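Here is how the chains run, residue by residue.
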Amino acid sequence: MEREENFMFGNLSCILIGLLQTGENVCGSTTMRKGSHPLDYGFHSTLVATVIMGIYVFIKNLFFGDIKEAAAATDFVRVLPIMVLGGVISCIAVVANLSAMKLGHIGITNGIYQSSFALNFLLMVIFFHAGGNWISFLAVAIMLAGVLCMAIEKEESGGFNKKWLFFCSVAFVFNALGQFVTTIPSQYNFPDGMDIRGFSILLAMTVCYGVAKKAMHIETNKAGLKVSCLGGLVFAGVQLGTYPVMDLLAKSNSVHLFTPIMLMTVTVLFSLYSRFFLKEKFRKLQYAGLVCCLTGILLFMI
């Protein structure tokens, strides 16, 4: 009975995190339309999220637990470097994705970005020997076919949008790498008694964005600052919920459902936002690409 409750609550939590992630994506795309630089949005949003996560970790360990025991039950040597690396990789993915949003179709850009889960799955199979059957590999093939369909984006002049495709490709690859790296502590059960995974990756991202922003002399866009901070607030919610939900799903041996359910929620909701709020038009081939990606995600849930 407890196993079934963990399963149901875990799945509902995945959908909730998907809703929050959609909100963060909306904030990011909004700041791009307001003229913000991707590094500017990245720095301010992750700064807000880092502060919130830092407060959470501090209060949790100081007032709701034994900080000495929690520290003793945390493998800092292995967890921190891995999460920092994941943070740096994620920065590259986010900057590339936001840059692509400024250059092309926002809804299609997001669809390609979310579909990087297919590449992440292949990496999990190759390096972690994750279980994969013919349905899983069929899902990957369908998702990659969908990405190719969506990638055929043309400029208004009729030419092929090479810059957009370049940034989409970088975002696709590095998002998959970021997902892969940040799951290593969970895959090998590295102890994290202090719950520092979310905080460490956010701190690494904030420093990375800040250094790059300073080095490139990028000024803060005041028009998009409030939205950036709101994005950080929502992103903190995503980080606060992600790892506890994964741990909850692990109790019912269904942690593999986390990413597909979350991605399904984000892809559907953001596509609706793109079509009906931003009034972006989807060509038949792009609709087919979205359907393929959603079909592939559904197959992963079987």
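Reference entry: report on the structure contained in this document. (Residues numbered from 1 in each chain as written. Predicted model: local features only at pLDDT ≥ 70, side-chain atom pairs only at ≥ 80, totals over all residues. Heavy atoms only, no water.)

## Remarks on a nonpolar patch on the surface
Working step 1: Together, Leu 47, Val 51, Ile 55, Phe 58, Ile 59, Leu 62, Phe 63, Phe 64 and Ile 67 line one region of the surface with nonpolar side chains, adding up to about 880 Å² of accessible area.
Working step 2: Per-element accounting of the nonpolar patch gives the leading share, 7 residues, to helix H2 (residues 38–63).
Working step 3: Mapping Leu 62 onto the fold places it in helix H2.
Working step 4: For Leu 62, a relative accessible area of 38% translates into the label partly exposed. (Patch = residues over 30% accessible without salt bridge, like charges linked within 9 Å, V, L, I, M, F, W, Y side chains within 5 Å. Areas by Shrake-Rupley, 256 points an atom, 1.4 Å probe, with all protein chains shown as cover. Salt bridge = Lys/Arg side-chain N within 4 Å of Asp/Glu carboxyl O. Helix = DSSP H or I, 4+ residues; strand = E, 2+ residues; numbered from the N terminus. Buried < 20%, exposed > 50% of the residue type's maximum accessible area, 1.4 Å probe, protein only.)

## Some remarks on the pattern of salt bridges
Working step 1: Evaluated as defined, the whole model comprises 3 salt bridges.
Working step 2: The salt bridge involving Asp 195 is made with Lys 60; its shortest N-O contact spans 3.4 Å. Of the two residues, Asp 195 sits in the loop between helix H9 (184–187) and helix H10 (197–215) while Lys 60 sits in helix H2, which places them 135 residues apart along the sequence.
Working step 3: Among the residues examined, Asp 195 registers a relative accessible area of 11% and is labelled buried.
Working step 4: Linking Arg 197 and Asp 192 is a salt bridge whose minimum nitrogen-to-oxygen distance equals 2.9 Å.

## A look at the side chain of Ser 115
Working step 1: Mapped onto the elements, Ser 115 comes out in the loop between helix H5 (106–114) and helix H6 (117–128).
Working step 2: The exposure class assigned to Ser 115 is buried, which follows from its relative accessible area of 2%.

## Quick word on H10
Every α-helix winds through 3.6 residues per turn, so residues three or four apart in the chain are directed the same way.
Working step 1: Between its first and last C-alpha atoms H10 spans 27 Å; for 19 residues at 1.5 Å apiece the expected length is 27 Å, and the two agree.
Working step 2: Regarding H10, the residues found buried are Arg 197, Gly 198, Ser 200, Ile 201, Leu 202, Ala 204, Met 205, Thr 206, Tyr 209 and Lys 213.
Working step 3: Tucked inside the fold, the buried residues of H10 contact H2, helix H4 (76–103), helix H8 (162–182), H9 and helix H11 (222–250).
Working step 4: In the segment just after H10, His 217 is the residue with positive phi, at about 55°. (Expected span 1.5 Å × (residues − 1). Contact = heavy atoms within 4.5 Å.)

## Topic: empty space enclosed by the protein
Which parts of space are left empty comes out when a probe the size of a water molecule is rolled across the atoms.
Working step 1: Within this structure, the stated rule accounts for 1 cavity of 30 Å³ or more.
Working step 2: Considering the residues around the largest cavity, the lining is formed by Met 53, Tyr 56, Asp 195, Gly 198, Gln 239, Leu 240, Tyr 243 and Pro 244.
Working step 3: When residues of the lining of the largest cavity are traced back to their parent elements, those giving at least two are H2 and H11.
Working step 4: Taken together, the residues that form the lining of the largest cavity break down as 5 nonpolar, 2 polar and 1 charged. (1 Å grid on protein atoms, 1.4 Å probe; cavity = no way out; pocket = protein on both sides within 12 Å on 5 of 7 lines; lining within 4 Å. Points joined across faces, edges and corners; volume = space filled by probe spheres on them. Nonpolar A, V, L, I, M, F, W, Y, C, P; charged D, E, K, R; others polar.)

## Concerning the packing of aromatic side chains
Working step 1: Taken as a whole and assessed by the stated rule, the structure comprises 10 aromatic pairs.
Working step 2: Note on Phe 127 and Phe 180: the rings are 5.6 Å apart at their centroids and 50° apart in plane angle, and the pair reads as tilted. Here Phe 127 is found in helix H6, whereas its partner Phe 180 is found in helix H8, with 53 residues between them in sequence.
Working step 3: Taking 5.4 Å as the distance between ring centres and 70° as the angle between the ring planes, the aromatic pair formed by Phe 166 and Phe 167 counts as edge-to-face.
Working step 4: A residue is classified by how much of its surface remains accessible, and Phe 167, at 26% relative accessible area, is partly exposed.
Working step 5: An aromatic cluster is defined as three or more aromatic residues linked by ring pairs; in this entry it consists of Phe 127, Phe 128, Phe 180, Tyr 188 and Phe 190.
Working step 6: Taking NZ or CZ as reference, Arg 275 lies 5.7 Å from the ring centre of Phe 276, over its face. (Phe/Tyr/Trp six-rings, centres within 6.5 Å; stacked < 30°, edge-to-face > 60°. Lys NZ or Arg CZ within 6 Å of the ring centre and 35° of its normal.)

## As for the nonpolar core
Working step 1: Residues Phe 258 and Phe 300 are the most contacted members of the largest nonpolar core, which totals 50 residues.
Working step 2: Those residues in contact with Phe 300, other than ones at most four positions away along the chain, are Phe 117, Phe 121, Ser 136, Ala 139, Val 140, Met 143, His 256, Leu 257 and Pro 260.
Working step 3: Within the second largest apolar cluster, 12 residues are counted, among which are Ala 100, Met 150, Ala 151 and Leu 290. (Core = buried A, V, L, I, M, F, W, Y, C linked by side-chain atoms within 4.5 Å.)

## Here we look at unusual backbone geometry
Working step 1: Residue Asp 195 is not a glycine yet carries a positive backbone phi of 60°.
Working step 2: A positive phi angle, close to 55°, is found at His 217, a residue other than glycine.
Working step 3: Here His 217 lies in the loop between H10 and H11.
Working step 4: We classify His 217 as exposed; its relative accessible area is 69%.

## Details of the packing of H6 against helix H7 (residues 134–151)
Working step 1: Viewed as axis vectors pointing N to C, H6 and H7 meet at an angle of 145°, and their least axial separation amounts to 9 Å. Both H6 and H7 take part in a crossing whose hand is left-handed. For the pair formed by H6 and H7, the contact residues are Phe 117, Ala 118, Phe 121, Leu 122 and Val 125 on the first element and Ser 136, Phe 137, Val 140, Met 143 and Leu 144 on the second.
Working step 2: Each residue belonging to the contact of H6 with H7 can be placed in one class, and the counts come to 9 nonpolar, 1 polar and no charged. (Axes fitted to C-alpha atoms, helices over the stretch in contact; angles between N-to-C directions. Left-handed = near helix turned anticlockwise from the far one by under 90°.)

Interpretation note: all reported values are geometric properties and have no functional meaning in isolation.
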